[in-house]
Amino acid sequence: KGNYRAFSNADFLDENGMPMPVGFYVVIGSFSVKDNALSFQKQITEKEAKPALIAFNKSINIYNVYMLYTLDYPAANTERNRWKTDYEKAWVLKLE
């Protein structure tokens, strides 16, 4: 058990509308409006010089912008703590 929010991966789609794999995702922003998520994604990708990606929760219509996908919870937790410095609401999403 860890400090994460767990959801069924059946509720999530990637940016291409494809199912997302189980694992841990470090989320740094969540949006109910797709354009806001896309704008934040672009801003973060430019600022951080690494791609931000979007996970869409189709059951509650929320777009989660994430920076890391891993099967390793300790790695996700470490990365979340690093992102919390600049994005205090960073959290770990677990898809199962």
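Each remark here, short or long, concerns the structure printed above.
Just so we're clear, the structure is a prediction, and the values are computed from it rather than from any experiment.

1. Considering the overall build of the chain
Here is step 1 of the chain: For the chain, the count of helices and strands is 2 helices and 6 strands.
Here is step 2 of the chain: Each helix and strand of the chain, ordered N terminal to C terminal, gives the series β-β-β-α-β-β-α-β.
Here is step 3 of the chain: Taking 96 residues into account, the globule formula puts the C-alpha radius of gyration at 12 Å, and the chain, at 12 Å, falls close to it.
Here is step 4 of the chain: With respect to the principal axes defined by its C-alpha atoms, the chain has extents near 35 × 30 × 20 Å.
Here is step 5 of the chain: Pairs at least 24 residues apart make up 68% of the contacts formed inside the chain by residues separated by at least 6 positions.

2. Observations concerning the pairing of strand β5 (residues 62-70)
Where a strand is regular, its side chains alternate between the two sheet faces.
Here is step 1 of the chain: Relative to β5, strand β3 (residues 23-31) runs antiparallel, the two sharing 7 bridges. From the neighbouring strand, Y25 faces β5, where its bridge partner is Y69.
Here is step 2 of the chain: Of the pairings in the sheet, the one linking strand β4 (residues 53-57) to β5 comprises 5 bridges and is antiparallel in character. Residue pairing in the sheet places A55 in a bridge with N64 of β5.
Here is step 3 of the chain: A loop of 4 residues connects β4 with β5, the two strands running antiparallel in sequence, and N61 in this loop sits at a positive phi of about 55°.

3. A few points about helix α1 (residues 34-48)
Here is step 1 of the chain: Between its first and last C-alpha, α1 extends 21 Å over 15 residues, near the 21 Å set by a 1.5 Å rise per residue.
Here is step 2 of the chain: Every buried residue of α1 is accounted for by A37, F40, Q41 and I44. With its buried residues spanning 105° around the axis, α1 presents them on a single face. Projecting away from the buried face of α1 at angles above 90 degrees are the exposed residues D35, K42 and E46.
Here is step 3 of the chain: As for α1, its buried residues are in contact with β3, β4 and β5.
Here is step 4 of the chain: A49 lies just past α1 and shows a positive phi near 55°.

4. Points about the environment of K84
Here is step 1 of the chain: Mapping K84 onto the fold places it in the loop between α2 (73-83) and β6 (91-95).
Here is step 2 of the chain: For K84, a relative accessible area of 34% puts it in the partly exposed group.
Here is step 3 of the chain: Separated by 56 residues in sequence, K84 and I28 place their C-alpha atoms 8.0 Å apart.
Here is step 4 of the chain: Polar side-chain contacts of K84 include one of 3.4 Å to the backbone oxygen of A90.

5. What about the environment of A75?
Here is step 1 of the chain: Mapping A75 onto the fold places it in helix α2.
Here is step 2 of the chain: Taking C-alpha positions, A75 is 16 Å from T85, a pair spaced 10 residues apart along the chain.
Here is step 3 of the chain: Discounting residues that sit within four places of it in the chain, A75 has contacts with L68 and T70.

About the thresholds
Residues numbered from 1 in each chain as written. Predicted model: local features only at pLDDT ≥ 70, side-chain atom pairs only at ≥ 80, totals over all residues. Heavy atoms only, no water. Helix = DSSP H or I, 4+ residues; strand = E, 2+ residues; numbered from the N terminus. Rg over C-alpha atoms; globule rule 2.2 N^0.38 Å. Contact = heavy atoms within 4.5 Å. Pairing = 2+ DSSP bridges. Expected span 1.5 Å × (residues − 1). Buried < 20%, exposed > 50% of the residue type's maximum accessible area, 1.4 Å probe, protein only. Arc of directions from axis to C-beta. Polar contact = N/O pair within 3.5 Å; in protein donor to acceptor, adjacent residues only side chain to side chain.

That's the geometry; what it means functionally is another story.
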